[in-house]
Amino acid sequence: MAAILGGGLGGLSTGYYLLKNNISNNNNLKLFLLEATDYCGGWIKSIKTKDYIFEQGPRTIRPRGAIGLNTLNMLQDLGLSEHIAAIKPDHPAARNRMIYVNNTLYSLPSSLKGVFQKNEPFSKPLIYAAFNDLKQPQKELKDDSIYNFVERRFGKEIADYAISPMICGICAGDAKEISVKFLMKTLFEYEQNYGGVIKGVVKSMLKGKNEESLELSELAKRAQEEKWSIYTIKGGLETFPAAMKQYLKDNNVDLYLNTKVEEIDFVDSSMVRLKKTNGESMTATHIYSSVPSHILSKLVIKQHPQLSELLSEIPFVTVGIVNLYFASDKPLIEPAFGFLVPPIENSPILGVVFDSCCIPDQKGTVLTVMLGGRWFNEKFGADVTKERLYEIAMKEIKSILKIQDKVAAFNVSILNKCIPQYVIGHYDRVNRIREYIQNKNLPISLVGSSYDGVGINDVIYSAKTQVERDVTK
Ligand SMILES: Cc1cc2nc3c(=O)[nH]c(=O)nc-3n(C[C@H](O)[C@H](O)[C@H](O)COP(=O)(O)OP(=O)(O)OC[C@H]3O[C@@H](n4cnc5c(N)ncnc54)[C@H](O)[C@@H]3O)c2cc1C
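Scope of this entry: the structure provided in the associated data block. (Residues numbered from 1 in each chain as written. Predicted model: local features only at pLDDT ≥ 70, side-chain atom pairs only at ≥ 80, totals over all residues. Heavy atoms only, no water.)

**Comments concerning the site of the ligand**
Within the structure, the ligand sits among 31 residues, and Gly10, Glu35, Thr60, Ser449 and Val454 are positioned closest to it. In this structure, Arg59 approaches the ligand through a main-chain N or O atom, which is 3.4 Å from an oxygen atom. Contact distances for the ligand include 2.8 Å between an oxygen atom and a backbone N or O atom of Ser449. Alone, the ligand offers 1000 Å² of accessible surface; in the complex the protein occludes 87% of this. Of all the secondary structure elements, the ones that give two or more residues to the shell around the ligand are helix H1 (9-20), strand S18 (409-420) and helix H19 (456-471). (Near = heavy atom within 4 Å. Polar contact = N/O pair within 3.5 Å; in protein donor to acceptor, adjacent residues only side chain to side chain. Areas by Shrake-Rupley, 256 points an atom, 1.4 Å probe, with all protein chains shown as cover. Helix = DSSP H or I, 4+ residues; strand = E, 2+ residues; numbered from the N terminus.)

**Observations concerning the environment of Asn411**
Looking at the element boundaries, Asn411 is found in strand S18. Considered as a pair, Asn411 and Glu157 are 254 residues apart in the sequence and their alpha carbons are 35 Å apart. With residues near it in sequence (within four places) discarded, Asn411 still touches Ile47, Phe54, Gln56, Ile321, Val322 and Asn323. At 3.4 Å, the side chain of Asn411 and the side chain of Ser413 are in polar contact. (Contact = heavy atoms within 4.5 Å.)

**Points about a positive patch on the surface**
Together, Arg62, Arg64, Arg97 and Lys227 line one region of the surface with positive charge. With respect to the helices, strands and loops of the structure, Arg97 is situated in strand S6 (residues 97-101). (Patch = residues over 30% accessible without salt bridge, like charges linked within 9 Å, V, L, I, M, F, W, Y side chains within 5 Å. Salt bridge = Lys/Arg side-chain N within 4 Å of Asp/Glu carboxyl O. Lys, Arg positive; Asp, Glu negative; His and termini not counted. Charge placed at Lys NZ, Arg CZ, Asp CG, Glu CD.)

**Observations regarding the pairing of strand S10 (residues 261-268)**
Across 6 bridges, S10 lies against strand S11 (residues 271-276) in antiparallel orientation. Residue Val261 lies in a different strand from S11, and its bridge partner there is Lys276. Between S10 and S11, which pair antiparallel and follow one another directly, the connecting turn spans 2 residues. (Pairing = 2+ DSSP bridges.)

Listed below in structure tokens is the structure:
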């Protein structure tokens, strides 16, 4: 019996790859999944009506690179090819991404030409950042914050107006705390190995590419040929975990919903006891934990306090999500992906996504306001109500987007500790966690967004890697 702990994307993908690798058939191994709630999909949640879709968690997926193509392979295999809504490079959601600075919305350059022009709020054309990188000396470091790295190589304006809001958009975090390896591992290595980013790019071009080979599905090939920027799923992203759940059910994985695990007891190297809230236990020969690291930390504390402590050191942030629907036929926003607010603006909001531009089949105007993240407690306090977040979001929408229409429908969610923060030293910490598990011969593998990447593609790829590693052991 192998157990999967947690039925979010990480747990469901683990089930998918265990089945694909024929683990259950070859080893005559029964698979079961334990999920604390009555829902499979974790943070992926869509509210669908005939007029609009409110995404409470993720909404878009990137198709690029091996990990992006891997997700497309999975989507085709699950029969979801026809549900994909691609956003191609000429779509406004791909071309127009804005930042809100000094009470003004500015579009970020989206073409090579734009890099040579002066674009406010930047005081010089972005090409000057490249000269800065060539001039700056190398600084030898093991890790650094992404803000420090970008400021050092490309200048303060790029760090403040391009990277800091991007980090807010990806992980609701503070670029001054997040590890450079989170987004710019290769660029950081160029600095460390070659003395600068541009120097590293030139040297690696001379060396030639070393691309990982991955067999591509028709869907992945289409995404490459048509150069998709991002994509979403018609009918809401929830369609994705729903298809995965069905795949697991069809292949005889036992799904136990409303089953919260309270404690993990490692009996020996091939037996684990999972204690449930109702006092009963289940046993397994191996577990794949996809629950967030701060939860796993509590489950192992009795037997492995050192492991528990390492797991508890990965910080998480809380995000407020306010989805808004305006029924008017006339467009209330310009066509764009939306805008982000750099932290130096000290705004109560992180940014706004223009869903009616990115997600197909929506009537009227649909917006999602994101609030808090790294600054949730200091801005709103831990006990803030949904009503208060709604008021704040509406005030900002009216002031920034000049929308005076009445809201026809809305939803507010407070997603407690929903995004892990890969702060400086994260990757060393994860190595130490996995080393501990290996040294103690504990029958547990770690998957989910706490360890190997916070996005959908990362979580799926991490599940694939962990399962394949176990198969070849
Ligand atoms: C607001 C928001 C927006 C995002 N936007 C994007 C985006 O646009 N694109 C993108 O690529 N990514 C995005 N992400 C990231 C993406 O949603 C996550 O990477 C992914 O959903 C994480 O899945 P997971 O399985 O690791 O974790 P989770 O979704 O947290 O799943 C963990 C599961 O474990 C269960 N569980 C917890 N404790 C127990 C227990 N004791 N016993 C049993 N079960 C338990 C939980 O109920 C949950 O179902 C976003 C995330 C958030 C929060």
